[in-house]
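# Descriptive analysis of the structure
Here are the chains, one letter per residue:
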Amino acid sequence: MKLSRRDGIFLVIILALITVLVLNRGSEQGKPLPADDAHRPFSEALTRGADREATEQGCVRCHATAARPLPPGHPPKEQCLFCHRPAPATR
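All values derive from a computational prediction rather than experimental measurement.

### Structural notes on the confidence of the model for the protein chain
Averaged over the protein chain, the pLDDT score is 81; the fraction of residues at 70 or greater is 87%. Highest mean pLDDT in the protein chain belongs to helix 1 (residues 5-24) (93); lowest belongs to helix 4 (residues 80-83) (78).

### Some details on helix 2 (residues 40-48)
Every buried residue belonging to helix 2 is among Ser43, Ala45 and Leu46, and all of these are buried. Taken down its axis, helix 2 places every buried residue within 165 degrees of arc, on the same side. Across from the buried face of helix 2, at angles greater than 90 degrees, the exposed residues are Thr47 and Arg48. Turning to helix 2, the residues buried within the fold contact helix 3 (52-63) and helix 4.

### Some remarks on the pattern of salt bridges
Considering all chains together, one arrives at 3 salt bridges under this definition. Measuring nitrogen to oxygen at the nearest pair gives 3.8 Å for the salt bridge that ties Arg52 to Glu53. Notably, a salt bridge pairs Arg52 with Glu56, separated by 3.0 Å at the nearest N-O pair. Here Arg52 and its partner Glu56 are both found in helix 3, 4 residues apart, which amounts to about one turn of the helix. Take Glu56: its relative accessible area is 4%, and that puts it in the buried class. Among the ionic contacts, a cluster of salt bridges with common partners joins Arg52, Glu53 and Glu56.

### Comments concerning the packing of helix 2 against helix 3
Two elements in contact, helix 2 and helix 3, have axes whose closest approach is 10 Å; the angle formed by their N-to-C orientations is 180 degrees. Considering their axes alone, helix 2 and helix 3 lie roughly antiparallel with respect to each other. Of the residues in helix 3, those touching helix 2 at Phe42, Ala45 and Leu46 are Arg52, Thr55, Gly58 and Cys59.

### A look at the environment of Ala45
Mapped onto the elements, Ala45 comes out in helix 2. Distance from Ala45 to Thr55, taken between C-alpha atoms, is 7.4 Å for residues 10 residues apart in sequence. When near neighbours in sequence (up to four residues on either side) are disregarded, Ala45 contacts Ala50 and Thr55.

Thresholds applied
Residues numbered from 1 in each chain as written. Predicted model: local features only at pLDDT ≥ 70, side-chain atom pairs only at ≥ 80, totals over all residues. Heavy atoms only, no water. pLDDT = per-residue confidence, 0-100. Helix = DSSP H or I, 4+ residues; strand = E, 2+ residues; numbered from the N terminus. Buried < 20%, exposed > 50% of the residue type's maximum accessible area, 1.4 Å probe, protein only. Arc of directions from axis to C-beta. Contact = heavy atoms within 4.5 Å. Salt bridge = Lys/Arg side-chain N within 4 Å of Asp/Glu carboxyl O. Axes fitted to C-alpha atoms, helices over the stretch in contact; angles between N-to-C directions. Parallel < 35°, antiparallel > 145°, perpendicular 65-115°, else oblique.

Below, the structure written as structure tokens:
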């Protein structure tokens, strides 16, 4: 079976697409939750498989106050765990 130039171009495009997809995997989430004592219970709960929406209620309770504001330009705080992943476990 002989490959034509058109087949070669098609293969190059497919390989480029696969390369882009592989290089971009994992970039869908932002920074991890801070690895401090205030955020550790949330990271541990998520790691154990707790419900995301229930866990986010703790975020809203703390960050809804003026004492712990989110940085300027931060997206709405009602969906924290869509962007933030649990911090890596420290041992």
